Amino acid sequence: MMFWRYAGRRLAQTVITLFLLLTIMFVMFRLIPGDPTTMLLGTGELPPEAQQQLRAAWGLDRPMWEQYLSYLANLARGDLGLSLYFRRPVMEVVLPMLGNTLILMAPILVIALAIGIWAGAYLGWHRGERVEQIGSLIALLPRALPIFWIAILLLMLFSYKLGWFPIGGMREQFFYPETWIQALPGYDLAMHLALPVIAGAIYFISDPLMITRTAMLEVRGEDYMQFARAQGLSNRRLRQVARRNAFLPVLTYIAIMVGFALGGQVLLEYVFSWPGMGRLMVNSVAQRDYPVAQATFFLMAAVVIILNFIVDLLYGWLDPRIAYD
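Residues numbered from 1 in each chain as written. Predicted model: local features only at pLDDT ≥ 70, side-chain atom pairs only at ≥ 80, totals over all residues. Heavy atoms only, no water.

Enquirer: An account of the overall build of the chain is needed here, citing residue identities and associated values.
Expert: Check the secondary structure of the chain and you find 13 helices and zero strands. Counted from the first residue to the last, the chain has its helices and strands arranged as α-α-α-α-α-α-α-α-α-α-α-α-α. Along the three orthogonal principal directions, the C-alpha set of the chain runs to about 85 × 60 × 35 Å. Sorting the 325 residues of the chain into buried and exposed places 41% on the buried side. A separation threshold of at least 6 residues defines the contact pool for the chain, and within that pool the share at least 24 residues apart is 74%. Only carbon and sulfur atoms are counted for the fraction: they give 67% of the accessible area of the chain, which is about 18200 Å². When the 25 positive and 21 negative side-chain charges of the chain are each reduced to one mean point, those points stand 9 Å apart. (Helix = DSSP H or I, 4+ residues; strand = E, 2+ residues; numbered from the N terminus. Buried < 20%, exposed > 50% of the residue type's maximum accessible area, 1.4 Å probe, protein only. Contact = heavy atoms within 4.5 Å. Areas by Shrake-Rupley, 256 points an atom, 1.4 Å probe, with all protein chains shown as cover. Lys, Arg positive; Asp, Glu negative; His and termini not counted. Charge placed at Lys NZ, Arg CZ, Asp CG, Glu CD.)

Right under this line is the structure:
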């Protein structure tokens, strides 16, 4: 009963946060200087009357509060509006790009978290040893480098110098397999995906690694670990107990990491010419395409907020000492 009460309260807070986020984004995009029609009609080829008719057709001549209420009403029906630049429904523009971004970011996050948590637990358990000192130093190096710099280095070495991987894009426009390996399903996509995934995993692996390592150091000194040692548990079993209890801070960071990863993938998509939502977001802001820009920002922010909600609910399952009150 306590859990469901807590879940209901957190759900209400999540909905309020999403509503405030929508409102702030709606206002901020309309405070950006410039008129969306100037991006299409700024050459003066159409008279001002025609431009005014276009603003009226897009609803941009109405007061902001009327536009806001119309936006909320359409959103409640699942309609994110019409793109001012592509002249198509926003969902038709955003969803394919969102799929491409998830294809890119899902393996990056899985690899970074899997290796980071495992390596962090290992280094934390071997505190003070040479492997911990060297491993901690190496783990911090990629985090100090910009992600686009790592991506450019990989491109220079493996694409331009060695020619092992494509320079950019998601697929070759005309790809004809020459060997049975190249004829495997997904080969072309995997080759285009390899370098962006390696660059992203190298950059994002440091955070879960260092957080897990620090958590393991704290867990090792807890009373229950001393009690477990006194009971004669094997070293392997002790490490399993410590790893599970050290996972709680990492779980908190995963929700934050997803937000950083979705933000950081904008640079990855630009360097590797990946047709994802990050590039779409930047281009839509430059083109003053309000509906598309709002949708991309909202989807990214909503992912972080919803993940935080899920993480809060998982706390009690992972650590029974936490009470839902």
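From this point, the discussion proceeds with the structure in view.
Enquirer: I'd love a proper account of the environment of Pro 146, names of residues and values included.
Expert: Along the chain, the position of Pro 146 falls in the loop between α6 (130-143) and α7 (147-161). Between the C-alpha atom of Pro 146 and that of Gln 226, which follows or precedes it by 80 residues, the distance is 42 Å.

Enquirer: Account for the side chain of Thr 212, with residues named and values stated.
Expert: Within the secondary structure, Thr 212 sits in helix α9 (residues 206-220). Sequence-distant contacts of Thr 212, defined by excluding residues within four places in its chain, comprise Gly 116, Ile 117, Gly 120, Ala 121, Ala 246 and Val 250.

Enquirer: Got a sec to walk through the environment of Phe 19? Specific residues and values, please.
Expert: Secondary-structure assignment places Phe 19 in helix α1 (residues 2-31). According to the relative accessible area criterion, Phe 19 is partly exposed, its value standing at 42%. In the structure, Phe 19 is positioned 53 residues away from Leu 72 in sequence and 9.6 Å away in space, judged by C-alpha atoms. Excluding anything up to four places from it in sequence, Phe 19 contacts Tyr 68 and Leu 72.

Enquirer: Break down a nonpolar patch on the surface for me, with residues and values.
Expert: Side chains of Leu 145, Phe 148, Trp 149, Ile 152, Leu 153, Met 156, Tyr 160, Ile 167 and Leu 267 sit close together on the surface and give an oily, nonpolar patch of about 850 Å² of accessible area. For the nonpolar patch, the leading source of residues is α7, giving six residues. Positionally, Ile 152 belongs in helix α7. According to the relative accessible area criterion, Ile 152 is partly exposed, its value standing at 36%. (Patch = residues over 30% accessible without salt bridge, like charges linked within 9 Å, V, L, I, M, F, W, Y side chains within 5 Å. Salt bridge = Lys/Arg side-chain N within 4 Å of Asp/Glu carboxyl O.)

Enquirer: Lay out helix α12 (residues 277-286) in plain terms, naming residues and giving numbers.
Expert: Owing to its 3.6 residues per turn, the α-helix brings residues three or four apart onto one side. Burial in α12 covers these residues: Met 277, Gly 278, Leu 280, Met 281 and Ser 284. Buried residues in α12, looked at end-on, bunch into an arc of 160°, giving them a common side. (Arc of directions from axis to C-beta.)

Enquirer: Account for the pattern of salt bridges, naming residues and giving values.
Expert: According to the stated counting rule, one finds three salt bridges in the structure shown. With a closest N to O distance of 3.9 Å, Arg 88 and Glu 92 form a salt bridge. Note on Arg 88: relative accessible area 36%, which makes it partly exposed. Counted as one network, the salt bridges with shared partners bring together Arg 127, Glu 132 and Arg 213.

Enquirer: Account for the packing of aromatic side chains, with residues named and values stated.
Expert: Using the criterion set out here, one finds seven aromatic pairs in the structure. For the pair Trp 118 and Tyr 122, a centre-to-centre distance of 5.8 Å together with 10° between the ring planes defines the contact as stacked. Taken together, the residues Trp 118 and Tyr 122, both in helix α5 (residues 90-125) and four residues apart, mark about one turn of the helix. Taking the relative accessible area as the measure of exposure, Tyr 122 reaches 32% and is therefore partly exposed. Of the aromatic side chains, those joined through ring pairs into one cluster are Phe 26, Tyr 68 and Tyr 71. (Phe/Tyr/Trp six-rings, centres within 6.5 Å; stacked < 30°, edge-to-face > 60°.)

Enquirer: Break down the environment of Trp 118 for me, citing the residues and quoting the values.
Expert: Given a relative accessible area of 57%, Trp 118 falls into the exposed group. Taking C-alpha positions, Trp 118 is 8.9 Å from Arg 243, a pair spaced 125 residues apart along the chain.

Enquirer: Lay out unusual backbone geometry in plain terms, naming residues and giving numbers.
Expert: Non-glycine residue Arg 87 carries a positive phi angle of around 60°. Relative to the helices and strands, Arg 87 resides in the loop between α4 (64-76) and α5. Given a relative accessible area of 48%, Arg 87 falls into the partly exposed group. Residues other than glycine seldom take positive phi values, yet Ser 273 does so here, at roughly 50°. Its place among the elements puts Ser 273 in the loop between α11 (235-271) and α12. Given the relative accessible area of 38%, Ser 273 is considered partly exposed.

Enquirer: Give me the packing of α5 against helix α8 (residues 187-204): which residues, what numbers.
Expert: Contact geometry for α5 and α8: axes closest at 8 Å, N-to-C directions at 45°. If you check the angle between α5 and α8, you find them oblique. In this structure, α5 crosses over α8, and the sense of that crossing is right-handed. On α8, the residues touching Ile 103, Leu 104, Met 105, Pro 107, Ile 108, Ile 111 and Ala 112 of α5 are Leu 193, Pro 196, Val 197, Gly 200, Ala 201 and Phe 204. (Axes fitted to C-alpha atoms, helices over the stretch in contact; angles between N-to-C directions. Parallel < 35°, antiparallel > 145°, perpendicular 65-115°, else oblique. Left-handed = near helix turned anticlockwise from the far one by under 90°.)

Enquirer: Talk me through the confidence of the model for the chain; I want residue IDs and the actual numbers.
Expert: On average, residues of the chain score 81 in pLDDT, and 90% of them are at 70 or above. Mean pLDDT across the secondary structure elements of the chain bottoms out at helix α2 (residues 36-41), with 62, and peaks at α7, with 90. (pLDDT = per-residue confidence, 0-100.)

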